[in-house]
Amino acid sequence: MEVRIEESWRKALQSEFDKPYFARLVDFLHQEKASGQVVYPPGGLIFRAFELTPLDQVKVVILGQDPYHNPGQAMGLSFSVPDTVPAPPSLKNIFKEIESDLGIKMSGRPNLEGWARQGVLMLNAILTVRGGLAASHRGKGWEEFTDAVIKYISDNCEGVVFLLWGNFARSKKVLIDTNRHSVLEAAHPSPLAGGAFFGCRHFSRTNEILRNENKTPVNWQL
């Protein structure tokens, strides 16, 4: 697999690409494809989140777990799917919370590239998945890589807002310097959380924090 990643991220993460675990990860992905497995997202989109949100533009991080595993869904951004695909249940709940929190009407368009281009890093902890099998690339090396991404942001950026939804995302709080950054925690937006995500008001709270940091707030309306 060719590692195609935006240049500022390449420079920041080159030491990770050079480590043995990353070579093993690349070998694993080659083996998956050689054995006829379908891997999502397509190779050119694996690092899409980094392409749309260069390092010096990161002001918010939304952490997901792993890509959608059904055809046509995964596009390299956590929670996002192309406009040609119906919004998954978790994303619908995110939109409901935005509407309630900000008093705006969302279009229902499920492509979140508009957020990414405003400095919202839409990062999955695991960047690939075997088609039809959720979490199938867990433990193959991606977690070590994305932990390094989170730690690099924590150590080298200032005033980033981390949105951690659900227990998996919240477990990453240990990687974040909370003296330099803001961490907002909530239940996962999945319907399986029984609506516990609703009322977190993370979108208005994020913008309030950004304003206090003299940063441009995010236009969440798609």
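Criteria and thresholds
- Residues numbered from 1 in each chain as written.
- Predicted model: local features only at pLDDT ≥ 70, side-chain atom pairs only at ≥ 80, totals over all residues.
- Heavy atoms only, no water.
- Helix = DSSP H or I, 4+ residues; strand = E, 2+ residues; numbered from the N terminus.
- Rg over C-alpha atoms; globule rule 2.2 N^0.38 Å.
- Buried < 20%, exposed > 50% of the residue type's maximum accessible area, 1.4 Å probe, protein only.
- Contact = heavy atoms within 4.5 Å.
- Pairing = 2+ DSSP bridges.
- Axes fitted to C-alpha atoms, helices over the stretch in contact; angles between N-to-C directions.
- Parallel < 35°, antiparallel > 145°, perpendicular 65-115°, else oblique.
- Left-handed = near helix turned anticlockwise from the far one by under 90°.

### Focus: the overall build of the protein
Along its length, the protein carries 8 helices and 6 strands. When the helices and strands of the protein are placed in sequence order, the string is α-α-β-α-β-α-α-β-β-α-β-α-β-α. Scaling as 2.2 N^0.38, a compact globule of 222 residues should have a C-alpha radius of gyration of about 17 Å, and the protein matches this with 17 Å. Relative to its 222 residues, the protein shows a buried fraction of 52%. For the protein, the proportion of contacts with a sequence separation of at least 24, taken over those separated by at least 6, is 68%.

### Here we look at the sheet that holds strand β2 (residues 60-64)
Reading across the sheet, the 4 strands line up as β3-β2-β5-β6 and stay open at both edges, with parallel pairing between neighbours. The sheet terminates laterally at β3 (120-124) and β6 (182-186), the two strands that pair on one side only. Each neighbouring strand pair of the sheet contributes to a mean axis angle of 20°, computed without reference to strand direction. Sheet analysis places β2 next to β3, joined by 5 bridges and oriented parallel. What sits directly across from V61, in β3, is L121.

### A short note on the packing of helix α2 (residues 20-34) against helix α6 (residues 142-156)
Across the interface, α2 lies against α6 with an axial gap of 9 Å and an inter-helix angle of 130°. Taken together, the axes of α2 and α6 are oblique relative to one another. The hand of the α2/α6 crossing is left-handed. Facing Y21, F22, L25 and L29 of α2, the residues of α6 in contact are W142, E144 and F145.

### A few points about the pairing of β2
Of all 5 residues in β2, 5 are buried, a share of seventy percent or more. Burial along β2 is two-sided: the face carrying V60, I62 and G64 and the face carrying V61 and L63 are both buried.

Distances and angles like these do not, on their own, reveal function.
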